[in-house]
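Given next are the chains, with one letter for each unit.
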Amino acid sequence: MNSFTLYPEEYRNGNTLTKDGISFSESVVVKLLIDGEDVEEIGGFSDALVYFDELRSSIDSSGKYLIFTCANGIAEDGGWEGVSVEFGDETVNWKFEFGGRFFDYTFDRKEYVSEIDSLATYLVNCDLQLAPKSVIFPEVFSR
């Protein structure tokens, strides 16, 4: 089973994050660790952002969710087509393809929901804007 950890990374007071030539300041970015490794370290994920609205929606039911997007918010630009999320009694399974590679992760359901709920609580009280602000789904996206 894979571990699942989320945390906010704040960019304020002149600190800036630059991804794919786009700068983010006075904003907060959701960071995701799988098995203690930042997903940005996975080949091809370095310019990706976690789209928290979809991640939060993924705790409600199995389906396809646009959990990752390109830094500009246009998912297709980065090759993102969505993550298939399947709920078991005690697990959450992610399956997706990106950059010619297939990814398959299984998380503890309680840990998954707890991490997302905790970050949602933080974001409600945060004075920074969540990045990305908006996302354009792929034309062929379906749940």
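Please read these numbers as outputs of a predicted model, since none were measured by experiment.

1. Brief notes about a negative patch on the surface
Together, Asp20, Asp47, Glu76, Asp77, Glu81, Glu97 and Glu139 make up a negatively charged patch on the protein surface. Checked against the element boundaries, glutamate 81 lands in the loop between helix H2 (75-78) and strand S9 (83-87). Using a relative accessible area of 53% as the deciding quantity, one classes glutamate 81 as exposed.

2. Notes on the pairing of strand S11 (residues 101-108)
The two faces of a sheet get side chains in turn, since along a regular strand they alternate between them. Relative to S11, strand S10 (residues 91-98) is paired through eight bridges, and the arrangement is antiparallel. Paired with phenylalanine 98 across the strands is arginine 101, a residue of S11. In this antiparallel pair of consecutive strands, S10 and S11, the connection spans two residues, and glycine 99 shows a positive phi of 60°.

3. Focus: the pairing of S10
Direction of pairing for S9 relative to S10: antiparallel, over a ladder of four bridges. Bridge pairing in S10 places phenylalanine 87 opposite valine 92. Joining the antiparallel neighbours S9 and S10 is a turn of three residues.

4. Points about the sheet that holds S10
With respect to topology, four strands assemble into an open sheet ordered S7-S9-S10-S11, the strand pairing being antiparallel. The sheet is open, and its two borders are formed by strand S7 (63-65) and S11, each paired with just one other strand. Averaged over all pairs of adjacent strands, the angle between strand axes in this sheet comes to 25°, irrespective of strand direction. By the bridge criterion, three bridges tie S7 to S9 in an arrangement that is antiparallel. Considered in S9, the bridge of tyrosine 65 is made with valine 83. Contacting S9, S10 and S11, helix H3 (residues 109-125) crosses the sheet at an angle of about 95° to S11.

5. Some thoughts on the confidence of the model for the chain
The predicted model of the chain has a mean per-residue pLDDT of 95, with 100% of residues at 70 or higher. When pLDDT is averaged over each element of the chain, strand S1 (residues 4-11) comes out on top at 98 and H2 at the bottom at 92.

6. Considerations on the packing of aromatic side chains
Scanning the entire structure with this criterion turns up 22 aromatic pairs. Measuring from centroid to centroid gives 5.0 Å for phenylalanine 137 and phenylalanine 141, while their planes differ by 70°, and the two rings are edge-to-face. Under the relative-accessibility criterion, phenylalanine 137 is labelled partly exposed at 28%. Among the residues examined, phenylalanine 141 registers a relative accessible area of 18% and is labelled buried.

Reading guide: rules and limits
- Residues numbered from 1 in each chain as written.
- Predicted model: local features only at pLDDT ≥ 70, side-chain atom pairs only at ≥ 80, totals over all residues.
- Heavy atoms only, no water.
- Patch = residues over 30% accessible without salt bridge, like charges linked within 9 Å, V, L, I, M, F, W, Y side chains within 5 Å.
- Areas by Shrake-Rupley, 256 points an atom, 1.4 Å probe, with all protein chains shown as cover.
- Salt bridge = Lys/Arg side-chain N within 4 Å of Asp/Glu carboxyl O.
- Lys, Arg positive; Asp, Glu negative; His and termini not counted.
- Charge placed at Lys NZ, Arg CZ, Asp CG, Glu CD.
- Helix = DSSP H or I, 4+ residues; strand = E, 2+ residues; numbered from the N terminus.
- Buried < 20%, exposed > 50% of the residue type's maximum accessible area, 1.4 Å probe, protein only.
- Pairing = 2+ DSSP bridges.
- Axes fitted to C-alpha atoms, helices over the stretch in contact; angles between N-to-C directions.
- Contact = heavy atoms within 4.5 Å.
- pLDDT = per-residue confidence, 0-100.
- Phe/Tyr/Trp six-rings, centres within 6.5 Å; stacked < 30°, edge-to-face > 60°.

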